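Topology and contacts: notes
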Amino acid sequence: MVRDGGDGTINELDENALEAAARIAEAAEDSDGVQVVALTVGPDDAEDAARRGLQLGAHAAVHVLDDDIAGSDVIATATVLAAAIRRIGDVDLVLTGMAGLDGLTSLLPAVLADLLDLPALTLAADVRVDGGNVTVRRDLDHATEVLAAPLPALVSVTDGANEPRYPNFQAIMAARKRPVDSLALADLGLDPATVGQAGSRTEVLAAAPRPPRTEQVLVTGGAEAGRALADWLIEQGLVREGDR
């Protein structure tokens, strides 16, 4: 895991969620009545992620900023997001990326859907909204599933769902001028004790740096190389007794 806080830039996998939202809005019969809101939680520099959302097609952006959120695990983070979504109000579809690139738990979409009491359609490779329903295609190792649910619902999309657009100069400049709505825990009606380290359900008991890489062992040649490789696998405990 990489938990250094990052530099405030948007999680790359969330760009796929933004692209999916923008395409749904553009394809809607009443596209003028559909609004995409980019929502993020983080410290001051997370505003950059919100503005990136504006560049990628969002009509509005919300940044939840509060020192008491620091140290939140995935459940506490989902608690903040759920409260912010309720405050935004009248949300038909919540779209997320399939995972965060720091913790890589992939748990937030399911937890967020549970807190909002919404059906969760996760790991979608394709998303379509028709009337009051959302339909997704999910590509598994040995099967393809098509799932549908009535709106409102939550969908997480994979990095194979689309190719996020590259904003042009006009979109970049427009995003700089548009406001980002900043909210604190008090605005969301949340007790600080329910988030941050105090409100997290998980706790890191110990951490250690990844061990350094050992010197590479290159084996070349014919039959002798095969025997050398087998001996090395046995020495490393990678071959069980019954497999020899």
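About the thresholds
- Residues numbered from 1 in each chain as written.
- Predicted model: local features only at pLDDT ≥ 70, side-chain atom pairs only at ≥ 80, totals over all residues.
- Heavy atoms only, no water.
- UniProt positions renumbered as here; feature names shortened; annotations may be inferred.
- Helix = DSSP H or I, 4+ residues; strand = E, 2+ residues; numbered from the N terminus.
- Buried < 20%, exposed > 50% of the residue type's maximum accessible area, 1.4 Å probe, protein only.
- Contact = heavy atoms within 4.5 Å.
- Polar contact = N/O pair within 3.5 Å; in protein donor to acceptor, adjacent residues only side chain to side chain.
- Pairing = 2+ DSSP bridges.
- Axes fitted to C-alpha atoms, helices over the stretch in contact; angles between N-to-C directions.
- Patch = residues over 30% accessible without salt bridge, like charges linked within 9 Å, V, L, I, M, F, W, Y side chains within 5 Å.
- Areas by Shrake-Rupley, 256 points an atom, 1.4 Å probe, with all protein chains shown as cover.
- Salt bridge = Lys/Arg side-chain N within 4 Å of Asp/Glu carboxyl O.
- Core = buried A, V, L, I, M, F, W, Y, C linked by side-chain atoms within 4.5 Å.

As recorded in an unreviewed UniProt entry, the chain goes by the name Electron transfer flavoprotein subunit beta/FixA family protein, listed as coming from Cellulomonas denverensis. Quoted verbatim from the Function (unreviewed entry) field of UniProt, the annotation for the chain is "The electron transfer flavoprotein serves as a specific electron acceptor for other dehydrogenases. It transfers the electrons to the main respiratory chain via ETF-ubiquinone oxidoreductase (ETF dehydrogenase)." The Sequence similarities (unreviewed entry) field of the UniProt record for the chain holds the comment "Belongs to the ETF beta-subunit/FixA family."

**Considerations on the environment of Arg87**
Within the secondary structure, Arg87 sits in helix H3 (residues 74–88). Look at Arg87 and you get partly exposed, because its relative accessible area is 47%. Residues within four places of Arg87 in sequence aside, it is in contact with Leu183, Asp187 and Leu188. Here the side chain of Arg87 touches Asp187 through a polar contact of 3.1 Å, landing on its backbone oxygen.

**Description of the sheet that holds strand S3 (residues 93–97)**
Ordered by their spatial adjacency, three strands build an open sheet running S3-S8-S4, and the pairing between neighbours is parallel. If you trace the sheet from one side to the other, it starts and ends with S3 and strand S4 (120–124), each paired once. Put simply, the sheet's adjacent strands are angled 20° from each other on average, direction ignored. In terms of strand pairing, S4 meets strand S8 (residues 153–157) through three bridges, oriented parallel. Bridge assignment links Leu121 to a residue of S8, and that residue is Val155. The sheet contacts of helix H4 (residues 108–116) involve S3, S4 and S8, and relative to S3 the element is tilted by about 160°.

**As for a nonpolar patch on the surface**
Among the surface-exposed residues, Val217, Val219, Leu229, Trp232 and Leu238 lie close enough to one another that they form a single nonpolar patch of about 460 Å² accessible area. Mapped onto the secondary structure, Trp232 falls in helix H8 (residues 223–235).

**Looking at the nonpolar core**
For soluble globular proteins, nonpolar side chains are generally found buried alongside one another. Counting residues in each nonpolar core, the largest one holds 29 residues, and the members touching the most others are Leu95, Val127, Val134, Val136, Val155 and Val157. Only helix H1 (12–27), helix H2 (47–55), S3, S4, strand S6 (133–139) and S8 provide two or more residues apiece to this core. Per-element accounting of this core gives the leading share, six residues, to H1. The residues contacting Val127, other than those within four sequence positions of it, are Ile24, Val134, Thr135, Val136, Val155 and Val157. In this structure, Ile69, Val80, Leu183 and Leu190 belong to the second largest nonpolar core, which totals twelve residues.

**So, the sheet that holds S6**
With antiparallel pairing, the three strands of this open sheet are ordered in space as S5-S6-S7. Only two strands of the sheet have a single neighbouring strand rather than two, namely strand S5 (126–130) and strand S7 (144–150). Taking the axes of each pair of neighbouring strands and ignoring which way they run, one obtains an average angle of 20° across the sheet. As paired elements, S6 and S7 share seven bridges and run antiparallel to each other.

**Focus: unusual backbone geometry**
Cis peptide bonds are those with omega within 30 degrees of zero, and the linkage from Leu151 to Pro152 qualifies with 5°. Along the chain, Pro152 turns up in the loop between S7 and S8. Although it is not a glycine, Asp117 adopts a positive phi angle of roughly 55°. On the basis of relative accessible area, Asp117 is assigned to the exposed category, the value being 68%. Even without a glycine there, the phi angle at Leu123 is positive, about 55°. Looking at the element boundaries, Leu123 is found in strand S4. Residue classification places Leu123 among the partly exposed positions, given a relative accessible area of 38%.

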